[in-house]
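Residues per chain, in single letters:
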Amino acid sequence: MKIVITCEHATNAIPPEYVYLFEEQKDVLNTHEGYDPGAYDLYKYLEPLSNASYAQDIGRLLIETNRSLHHPKLFSRFSKNLEHSKKSEIIVEHYIPYRRHVENIILDFQKFNHTVLHLSIHSFTPVLDNIERNCDIGILYDPKVRLEKEWSEQFKRSLTDKSKYRVRKNYPYYGKADGFTTYLKKRFTENYIGIEIEVNQKFVSKNIMNESMKETIYKSIKLCIKKAP
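To start, this report covers the structure provided alongside it. (Residues numbered from 1 in each chain as written. Predicted model: local features only at pLDDT ≥ 70, side-chain atom pairs only at ≥ 80, totals over all residues. Heavy atoms only, no water.)

Some remarks on the packing of aromatic side chains
No. 1: Tallying each qualifying case throughout the model produces nine aromatic pairs.
No. 2: Their ring planes at 50 degrees and their centres at 6.1 Å tell us that Tyr98 and Phe180 sit as a pair that is tilted. Within this pair, whereas Tyr98 is found in helix H2 (residues 84–110), its partner Phe180 is found in helix H4 (residues 180–187), the two being separated by 82 residues in sequence. One exposure class covers both Tyr98 and Phe180, and it is buried.
No. 3: Through a chain of ring-to-ring contacts, three or more aromatic side chains come together here, namely Tyr54, Tyr98, Phe180 and Tyr183.
No. 4: The ring of Phe75 is capped by Lys87, whose NZ or CZ atom sits 5.2 Å from the centre of that ring.
No. 5: The cationic tip of Arg99 hangs over the ring face of Tyr183; the distance from NZ or CZ to the ring centre is 4.9 Å. (Phe/Tyr/Trp six-rings, centres within 6.5 Å; stacked < 30°, edge-to-face > 60°. Helix = DSSP H or I, 4+ residues; strand = E, 2+ residues; numbered from the N terminus. Buried < 20%, exposed > 50% of the residue type's maximum accessible area, 1.4 Å probe, protein only. Lys NZ or Arg CZ within 6 Å of the ring centre and 35° of its normal.)

Right, here's the structure in full:
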């Protein structure tokens, strides 16, 4: 098994030519709407477990790399009114290269008949629409995919054995909803396991994930990798 780790919402960075879009609401870039606080720090912590890794270098408020091209929220409320030509440029320069790079990594491993475990690292806001999320770690996967279901159940057991964190499957989002791993499951119908790991941002301070949380996730993934066939 080969391990690929990615981080689609690693940063809030906006290319200079599009900074003007946020002149009236600059602070939004530093909120969970602009990026996933702590996700890149966790991604870097887990990177030694991977055979390949990749993180997006532009913010989701320009274009949402974790959405399909047809998705209505591909462009944010700040970028959705850009001219068609500008949107096309953003897709060509920032969206396609990122997704194609990850696809090529998986393709190269599968050429040698390796099963690929793809872990996409995210974080989520503790409260959304005045509702508190009752979860510390979310494991998103497609329950209809046997390998994903088996790996997710094993990962959850490992996490709960090693900690008192509240771990939930397919929460706070559904693993089969539109996203990069969902797209890749259609692209690679065999020997691909696509899992999104979501961590509650209450464990994040100044964009750094809690050390105990990082260590728990690291050890749990490492144990699951060792048990993998």
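Here's the deal with the pairing of strand S1 (residues 2–7)
No. 1: In terms of burial, S1 is a largely internal element, five of the six residues being buried.
No. 2: In this sheet, strand S3 (residues 116–124) lies alongside S1 in parallel orientation, the contact comprising five bridges. Each bridged residue has a counterpart across the sheet, and for Lys2 the counterpart in S3 is Val116.
No. 3: In the sheet, S1 pairs with strand S2 (residues 52–55) via four bridges, with the strands oriented parallel. What sits directly across from Thr6, in S2, is Tyr54.
No. 4: Since S1 and S2 lie parallel, the crossover through helix H1 (residues 39–46) that links them has a hand, and here it is right-handed. (Pairing = 2+ DSSP bridges. Right-handed = clockwise from strand over helix to strand, strands pointing away.)

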